[in-house]
Amino acid sequence: MADTRYPRDLHGYGRNPPDPRWPGGARVAVQFVVNFEEGGENNILHGDRASEAFLSDVLGAQPWPGKRHANIESMFEYGSRAGFWRLWRIFTERQLPTTVFGVATALKRSPQIVAAMKEAGWDIASHSLKWVEHKDMSEAEERAEIADAIRVHTEATGQRPLGWYTGRSSINTVKLVMEAGGFLYSCDSYADDLPYWIKGPAGPHLIIPYTLDTNDMRFVNAQGFGGYGGFSPSASCRPPCLVSRPRCNAIRRLSPP
Ligand SMILES: [Zn+2]
């Protein structure tokens, strides 16, 4: 018999997932996400203790306590100076509906980019206040971080975020996002193909699972993509693989850090 006190859901929809009834009888739904993080990464200029080291083209990068890292800084700058605009042209020329996962402090530092996102009618979801780990924050610190993210996001874009994705979340993140209220969905889960509902303090909360297997962070990770030939078959393989059953999945792309 299943232990009802065990706090994880290992079962989900199980053997018979529901028909999500996508619009127009579509067999698959694809969500395109452009992550915007540039200017939200670790940097002593932002009050952080060390330079950024999580994802970059510097092999084996380490955080440098108390120092700026000129190379890594400029790699992030590439994203907001050139990378974002290339993705913006690709998505707007094809009129593809796009979601942004925007780090609030990054959005705040690039008003011209926020204006272009709004001009294109993109859904700007929150990617937290800063591009940092949440795992070591106390519950109270993380609650304050989420409230600040909503406030700064609203100042930067003129609207509060309706979606949320932390990325490097803590075990409390989903609960705290639901408690903050006002979100239509959040994405800090990798647990399913289909969106699913969980119980929140103010009613059901929609989880749209993320995936890292088509995230371009794999260009700098072990077991990642060796080149674009590695990335595109993996990304473009997703929809056909999923068509055999009605499911939702996502092809995610980071704006290059
Ligand atoms: Zn991210």
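Quick caveat: nothing in here was measured; it's all calculated off a predicted structure.

> Could you clarify how one ought to interpret the overall build of the chain in this entry?
Broken down by element type, the chain carries 6 helices and 8 strands. Counting all 257 residues of the chain, 32% fall into the buried class. In the chain, the proportion of contacts linking residues at least 24 apart, taken out of those at least 6 apart, comes to 62%.

> Looking at this structure, I do not really get the nonpolar core. What am I missing?
The tendency in soluble globular proteins is for nonpolar side chains to be buried side by side. F36, V100, A104 and L107 are the most contacted members of the largest nonpolar core, which totals 33 residues. The set of elements that each furnish at least two residues to this core consists of β1 (28-36), α1 (70-93), β2 (98-102), α2 (104-109), α3 (111-119), β3 (123-126), α4 (139-157) and α5 (173-180). If one sorts the elements of this core by residue count, α4 sits on top with 5 residues. Discounting residues that sit within four places of it in the chain, V100 has contacts with V34, F36, M117, W122, I124 and A125.

> Sorry, what's going on with α4 here?
For an α-helix, the turn length of 3.6 residues means that residues three or four places apart are oriented alike. The terminal C-alpha atoms of α4 lie 27 Å apart, and with 19 residues this matches the ideal 27 Å at 1.5 Å per residue to within 8%. If you check which residues of α4 are buried, you get E142, E145, I146, A149, I150, V152, H153, A156 and T157. Summarising the contacts, the buried residues of α4 are in contact with β2, α2, α3, β3 and α5. Looking one or two residues past α4, G158 carries a phi angle of roughly 85°, positive in sign.

> Looking at this structure, how should I read the pairing of strand β6 (residues 196-200)?
Working note: regular strand, side chains alternate between the two faces of the sheet. Strand direction decides the pairing type here: β6 and strand β7 (residues 203-207), joined by 5 bridges, are antiparallel. Pairing of K199 across the sheet is with P204, part of β7. Counting the residues in the hairpin turn of β6 and β7 gives 2 residues.

> Looking at this structure, I do not really get α3. What am I missing?
Every buried residue belonging to α3 is among I113, V114 and M117, and all of these are buried. For α3, the angular spread of the buried residues around the axis is 100°, confining them to a single face. Among the exposed residues of α3, those pointing more than 90 degrees away from its buried face are P111, Q112, A115 and E119. Of the surrounding elements, those touching the buried residues of α3 are β1, α1, β2, α2, β3 and α4. G121 sits one or two positions beyond α3 and adopts a positive phi of about 75°.

> Can you help me understand the confidence of the model for the chain in this one?
Detailed conclusions should not be drawn from predicted coordinates in areas where pLDDT is low. Model confidence for the chain is summarised by a mean pLDDT of 86, while 84% of its residues fall at 70 or above. Under a pLDDT of 50 for its full length, residues 239-257 has, in the predicted model, 62 contacts with residues more than four places off or in other chains.

> It is not clear to me how the environment of G200 should be interpreted in this structure. Could you clarify?
Of note, G200 is situated in strand β6. Measuring from C-alpha to C-alpha, the distance between G200 and L176 comes to 9.8 Å, with 24 residues separating the pair along the chain. Setting aside its immediate chain neighbours within four residues, G200 contacts M178 and H205.

> Help me out: how do you make sense of the packing of α4 against α5 in this one?
Helix packing for two helices is described by the angle between their axes and how far apart those axes are. Viewed as axis vectors pointing N to C, α4 and α5 meet at an angle of 50°, and their least axial separation amounts to 10 Å. Here α4 lies oblique to α5, going by the angle between them. When you trace α4 past α5, the crossing you get is right-handed. On α5, the residues touching E142, R143, I146, A147 and I150 of α4 are T173, L176, V177 and A180. Residues of the contact of α4 with α5, tallied by class, amount to 6 nonpolar, 1 polar and 2 charged.

> Looking at this structure, I do not really get unusual backbone geometry. What am I missing?
With the exception of glycine, most residues fall at negative phi, and the peptide bonds are largely trans. One non-glycine residue with positive phi stands out, namely Q95, at about 50°. Looking at the element boundaries, Q95 is found in the loop between α1 and β2. One non-glycine residue, S128, adopts positive backbone phi at about 75°. With respect to the helices, strands and loops of the structure, S128 is situated in the loop between β3 and α4. We classify S128 as buried; it has 29 C-beta atoms within 10 Å.

What counts as what
- Residues numbered from 1 in each chain as written.
- Predicted model: local features only at pLDDT ≥ 70, side-chain atom pairs only at ≥ 80, totals over all residues.
- Helix = DSSP H or I, 4+ residues; strand = E, 2+ residues; numbered from the N terminus.
- Buried ≥ 20, exposed ≤ 12 C-beta atoms within 10 Å, placed from the backbone.
- Contact = placed C-beta atoms within 7 Å.
- Core = buried A, V, L, I, M, F, W, Y, C linked by C-beta atoms within 7 Å.
- Expected span 1.5 Å × (residues − 1).
- Pairing = 2+ DSSP bridges.
- Arc of directions from axis to C-beta.
- pLDDT = per-residue confidence, 0-100.
- Axes fitted to C-alpha atoms, helices over the stretch in contact; angles between N-to-C directions.
- Parallel < 35°, antiparallel > 145°, perpendicular 65-115°, else oblique.
- Left-handed = near helix turned anticlockwise from the far one by under 90°.
- Nonpolar A, V, L, I, M, F, W, Y, C, P; charged D, E, K, R; others polar.

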